[in-house]
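Structure assessment
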Amino acid sequence: MKVRNILATKGGRVITVAPDEAVRQAVALLVEHRIGALIVTDADGQLVGILSERDVMYAAADDEGVFGRPVGDIMTREVIVGMPQDDVLAVAHTMLEKRFRHLPIVDEGRLIGIISIGDVLKTQRDAYQGEIDTLETRIIAAGE
C-alpha cells in the first residue's frame, strides 16, 4: 500500500503556521483542530519546519515564557518528508526508527498533506483485517 492511499481517505487539508507566529497561537491551532503537529511554512507556502506537541513540551520545560516566543524558535527545522508513492511499511519503519509521529507529504516540491503514525497503523490494521476476512471466507468455502 502507498501513502497516496492514506491521503485519499484522509484528505489533503494541512494546518499551517508561520514561523513568526507566537507559540501560544500555534498551541491554540493544535487544540482547535485536535492535531499533534503543525507544518511551518514561509510567506511563499514552502515548508520550513514542523511544530509538534513534543517541541512545545520540551521548550516549555526549559522556558516558562515559551508561549510568547515565535514558532521559528522552537520548531524542528530538519524535516523528513514523504512522497505519495512511498510504501506505507517503509514509512512506518522510518517513523519508528527516527522517533517522530508526523510526516509531511510533498509532491513535486509542493506540500500536499500530512500523515501521522496513527494513520499508518490504522491503514495497516485495516489491510490485515481485509486479509483475515478473505482467508476466513476461503476456509469456510473450502469446508462446504
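One can find the structure itself at the top, above this paragraph.
Residues numbered from 1 in each chain as written. Predicted model: local features only at pLDDT ≥ 70, side-chain atom pairs only at ≥ 80, totals over all residues. Heavy atoms only, no water.

Check the secondary structure of the protein chain and you find six helices and five strands. N-terminal to C-terminal, the α/β element order of the protein chain is α-β-α-β-β-α-α-α-β-β-α. A compact globule built from 144 residues should have a C-alpha radius of gyration of about 15 Å, whereas the protein chain, at 19 Å, is more than 25% larger. C-alpha extents for the protein chain along the principal axes are approximately 70 × 35 × 25 Å. Counting only residues that meet the buried cut, the protein chain has 35% of its 144 residues in that class. Partitioning the intrachain contacts of the protein chain with sequence separation of at least 6 by distance along the chain shows that 54% fall at a separation of at least 24. (Helix = DSSP H or I, 4+ residues; strand = E, 2+ residues; numbered from the N terminus. Rg over C-alpha atoms; globule rule 2.2 N^0.38 Å. Buried < 20%, exposed > 50% of the residue type's maximum accessible area, 1.4 Å probe, protein only. Contact = heavy atoms within 4.5 Å.)

With that settled, the discussion passes to the packing of helix H5 (residues 88-98) against helix H6 (residues 117-143). For any two helices packed against each other, one specifies the inter-axial angle together with the distance between the axes. Orientation of H5 relative to H6, taken along the N-to-C sense of each, is 140 degrees, at an axis distance of 10 Å. The angle between H5 and H6 places the two elements in the oblique class. The crossing of H5 and H6 is left-handed. Counted together, Val88, Leu89, Val91, Ala92, Met95 and Leu96 of H5 and Ile117, Val120, Gln124 and Tyr128 of H6 form the full contact between these two elements. Looking at the contact of H5 with H6 residue by residue, the class counts come to nine nonpolar, one polar and no charged. (Axes fitted to C-alpha atoms, helices over the stretch in contact; angles between N-to-C directions. Parallel < 35°, antiparallel > 145°, perpendicular 65-115°, else oblique. Left-handed = near helix turned anticlockwise from the far one by under 90°. Nonpolar A, V, L, I, M, F, W, Y, C, P; charged D, E, K, R; others polar.)

It is worth spelling out the side chain of Ser116 at this point. Mapped onto the elements of the fold, Ser116 is located in strand S5 (residues 110-116). Discounting chain neighbours no more than four positions away, the residues touching Ser116 are Lys10, Met95, Arg101 and His102.

By themselves, these are just geometric observations and shouldn't be taken as functional.
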